[in-house]
Amino acid sequence: MVCMGKKGRPLRAKEPNLLIEAKQKMTREELLVWAWCLANARFWITDGNGRELTPEELEEIKKKQEVFYAVSYVDLEELRRRFPEHFSPRKVKYWRNVLKGLEKKIGFEVNCEAYKKVLEDLGFTYILDKFIEEKYRKYCGIATILAVGLSENGKLKVIYTPFVAPLLVLLKKWFTIYNFEEVLNLDLKASIVLYRVFKEKLGLKQQEFEISKEDLINLLSLKDTDSRNLRRQYIEPAIKEINEKTRLKVEAEPVRRGRGGKIVGFRFRVKEEPHPEEATTKDLVENFDVLKKWFKKTIEQLAEELSLHKQVSPAEIARSLLSLERINPAVAIWFLLHYPKSEAKLYALEHIKWVDSHPKLDLPNRYLQHSIQVPKKELQFLWDQRVKHAAISILQELKKEWEEKQKQEPKEPEPKKAESEQEEIEIRNPVVGILAEEILTEVKYLSEEEKQKLKQELGVESFRDYLKKLILTEDIANLQKVRVAIEKVKSKRKKRAWDEDEDPFDLM
């Protein structure tokens with residue numbers, strides 16, 4: 001139902017409006033992993049035995065009034081590659097445990113009448129009667145995730161409860177699509193909750209609307225609070241963050257009623273700037289800011305693609321483009337984007353430099369254009385003189401921005417060579433790769449005394465040789481035993497910190 005976005009393109013989460021409008025009982029971290037599941041998964045419908053159901057079998061389930069589950073598989077490696085600052089090898093374990101914490105937890109409290117209406121539309125009204133004893137209460141608590149585990153192919157297997165399975169798999173209307181990457185950048189729970197609501201309203205063609213104070217308190221799952229605190233502690237900080245970190249631009253003002261001017265709600269005005277990939281040709285040619293965003297996104301995507309073969313940063317690509325003497329950078333980017341073989345893009349920049357310096361080519365820009373046959377209108381705006389004039393100044397600004405960012409980013413300490421020998425081994429089984437990486441990350445933070453205890457626990461003289469043997473033989477069972485042994489020898493202080501839901505990496 002919800003598919004992984006194409007490489008380098010924004011990931012889009014598709015969420016039922018019913019859940020967006022519900023009382024949000026999740027923490028900020030839990031809302032993030034919920035959006036992560038929606039943005040990174042394809043859903044299968046199963047009968048509880050892990051078997052995919054056909055549409056005909058699903059109709060039979062409706063007739064018999066039986067339950068069914070939804071299952072999705074989330075690729076951790078893809079998340080780590082696309083969002084290394086959030087899903088680094090050390091952080092993946094933390095986020096996975098946040099997701100595990102959602103098992104059987106009441107994530108949303110939905111309006112029972114609205115829930116019943118949606119289930120009626122889908123043909124699953126009996127779910128309410130089967131699982132909710134108090135039929136006449138206003139709100140129903142919904143547990144969204146039944147279980148989370150590691151599948152054989154190294155992906156996370158997420159099983160959704162019968163409460164939300166029909167909504168995720170079969171919902172054809174009443175849903176909202178939003179950008180997962182924008183949600184990932186928001187630091188406040190209130191920002192994530194309101195961002196999803198604003199996207200829903202825009203999807204309903206509502207750019208100006210009111211939300212009552214009571215509904216806002218319910219959405220944010222707050223205890224009854226006065227209007228001043230609601231405005232200063234939640235609404236204003238959330239809107240400020242949304243305006244700064246997303247393409248939404250929001251204005252809010254209180255709605256007052258009665259003689260004393262009591263605040264009863266807030267009026268919001270929301271608009272969305274076009275995404276660089278969604279911008280029209282006219283926007284890209286005439287709007288400098290939109291064009292700059294397009295250049296930034298495109299070069300970062302090119303750097304990501306090239307880095308699959310050789311580490312290249314956006315700043316390095318910008319420097320290469322600005323070093324050209326006769327070829328315009330906009331034309332060079334056009335050529336890079338149309339270069340025929342993905343694997344050969346490593347040589348595309350060298351090809352451009354060769355053309356730029358070739359003494360017998362009087363029109364190097366035209367030479368590049370004619371060397372690749374593409375549809376006439378595809379990325380044609382890059383040949384517009386206004387874009388070609390703006391390209392150099394845009395790249396100079398972006399190069400400076402990327403270089404400053406590189407200086408500010410702290411460099412992670414490299415693991416000791418003795419504990420990183422697995423890098424020389426070709427690991428074909430993704431499960432083995434994940435286990436080995438987790439083991440090495442944990443071992444790196446053990447004290448010398450704990451490392452000696454680990455050797456004694458495993459009955460080995462050389463931990464490195466033992467681990468190398470397990471990796472080469474793809475001995476998953478004993479790799480799991482090594483993880484258990486590491487947990488045994490860890491200091492009590494680390495174990496207590498983990499039990500208290502603190503990020504253990506901040507304490508190690």
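Rules used throughout
- Residues numbered from 1 in each chain as written.
- Predicted model: local features only at pLDDT ≥ 70, side-chain atom pairs only at ≥ 80, totals over all residues.
- Heavy atoms only, no water.
- Pairing = 2+ DSSP bridges.
- Helix = DSSP H or I, 4+ residues; strand = E, 2+ residues; numbered from the N terminus.
- Axes fitted to C-alpha atoms, helices over the stretch in contact; angles between N-to-C directions.
- Contact = heavy atoms within 4.5 Å.
- Core = buried A, V, L, I, M, F, W, Y, C linked by side-chain atoms within 4.5 Å.
- Buried < 20%, exposed > 50% of the residue type's maximum accessible area, 1.4 Å probe, protein only.
- Salt bridge = Lys/Arg side-chain N within 4 Å of Asp/Glu carboxyl O.
- Parallel < 35°, antiparallel > 145°, perpendicular 65-115°, else oblique.
- Left-handed = near helix turned anticlockwise from the far one by under 90°.
- Nonpolar A, V, L, I, M, F, W, Y, C, P; charged D, E, K, R; others polar.
- Expected span 1.5 Å × (residues − 1).
- Arc of directions from axis to C-beta.

Chemist: I'm lost on the sheet that holds strand S11 (residues 248-257) in this one. Help?
Modeler: Sheets are built from strands that pair by backbone hydrogen bonding, the pairs being arranged parallel or antiparallel. Taking strand neighbours across the sheet as the criterion, the three strands line up as S10-S12-S11 in an open arrangement whose pairing is antiparallel. Of all the strands in the sheet, just strand S10 (208-212) and S11 have a single pairing partner and so form its edges. Strand after strand, the sheet turns through a mean of 30° between neighbouring axes, direction not considered. Of the strand pairs in this sheet, S10 and strand S12 (residues 262-272) are connected by five bridges, and their pairing is antiparallel. Paired with Phe-209 across the strands is Phe-268, a residue of S12.

Chemist: Looking at this model, I keep getting lost on the sheet that holds strand S6 (residues 139-143). Mind explaining?
Modeler: Strand order in the open sheet formed by three strands is S2-S5-S6, and the pairing between neighbours is antiparallel. Sheet topology places strand S2 (23-24) and S6 at the edges, where each strand pairs with a single neighbour. In terms of strand pairing, strand S5 (residues 106-111) meets S6 through five bridges, oriented antiparallel. Looking across to S6, one finds that Ile-106 is bridged to Ala-143. In this fold helix H6 (residues 112-122) packs onto S5 and S6, with an angle of close to 90° to the strand it touches most, S5.

Chemist: Where do I start with the nonpolar core in this structure?
Modeler: The nonpolar side chains of soluble globular proteins are, as a tendency, buried together. The biggest cluster of nonpolar side chains holds 89 residues, and the ones touching the most others in it are Trp-36, Leu-99, Tyr-115, Phe-124 and Phe-268. The element that contributes the greatest number of residues to this core is helix H2 (residues 28-40), accounting for nine residues. Counting residues in each nonpolar core, the second largest holds 42 residues, with Leu-284, Leu-321, Ile-327 and Ile-372 among its members.

Chemist: Hey, could you run me through the pattern of salt bridges in this one?
Modeler: Pairing is possible between side chains of opposite charge, provided their charged atoms come close. In total, this model carries 32 salt bridges according to the counting rule given. The shortest N-O distance in the salt bridge between Glu-208 and Arg-269 comes to 3.7 Å. One end of the pair, Glu-208, is in strand S10; the other, Arg-269, is in strand S12, with 61 residues separating them in the sequence. Assessed through its relative accessible area of 27%, Arg-269 is described here as partly exposed. In this structure, the salt-bridge partner of Lys-292 is Glu-397, at a minimum N-O distance of 2.9 Å. You can see Lys-292 sitting in helix H14 (residues 288-306) and its partner Glu-397 sitting in helix H19 (residues 385-408), a full 105 residues away along the chain. Sharing partners across several salt bridges, the network here consists of Glu-208, Glu-210, Glu-251, Glu-253, Arg-257, Arg-267 and Arg-269.

Chemist: Is there a simple way to explain the side chain of Lys-23 in this structure?
Modeler: Position of Lys-23 relative to the elements: it lies in strand S2. For Lys-23, a relative accessible area of 19% translates into the label buried. Discounting residues that sit within four places of it in the chain, Lys-23 has contacts with Gly-107, Phe-108, Glu-109, Tyr-139, Asn-218 and Leu-219.

Chemist: Would you explain unusual backbone geometry in this entry?
Modeler: A negative phi angle is the norm for most residues apart from glycine, just as the trans form is the norm for most peptide bonds. Although it is not a glycine, Lys-205 adopts a positive phi angle of roughly 65°. Checked against the element boundaries, Lys-205 lands in the loop between helix H10 (189-203) and S10. Classification of Lys-205 by relative accessible area gives exposed; the value is 75%. Phi at Ser-221 is positive, roughly 55°, even though this residue is not glycine. If you trace the backbone, Ser-221 turns up in the loop between helix H11 (213-219) and helix H12 (227-245). Ser-221 sits in the partly exposed class, given a relative accessible area of 29%.

Chemist: What should I look at first to understand the packing of H10 against H12 in this one?
Modeler: When two helices pack together, their arrangement is captured by the angle between the axes and the distance separating the axes. Close contact between H10 and H12 brings their axes to 9 Å; oriented N to C, the two are set at 70°. In terms of orientation, H10 and H12 fall into the roughly perpendicular class. As H10 runs across H12, the sense of the crossing is right-handed. Contacts between H10 and H12 pair Ala-190, Ser-191, Leu-194, Tyr-195 and Phe-198 from the former with Tyr-234, Ile-235, Pro-237, Ala-238, Glu-241 and Ile-242 from the latter. In terms of residue class, the contact of H10 with H12 is made up of nine nonpolar, one polar and one charged.

Chemist: Any chance you could explain helix H23 (residues 476-489) here in plain terms?
Modeler: An α-helical turn contains 3.6 residues, so any two residues separated by three or four positions project in the same direction. Here H23 is 14 residues long and its end C-alpha atoms lie 20 Å apart, about the 20 Å a rise of 1.5 Å per residue gives. Among all positions in H23, only Leu-479, Val-482, Ala-485, Ile-486 and Val-489 are buried. The buried residues of H23 occupy an angular sector of 110° when projected down its axis, which confines them to one face. Those residues of H23 that are exposed and aimed more than 90 degrees away from the buried face are Ala-477, Lys-481 and Lys-488.

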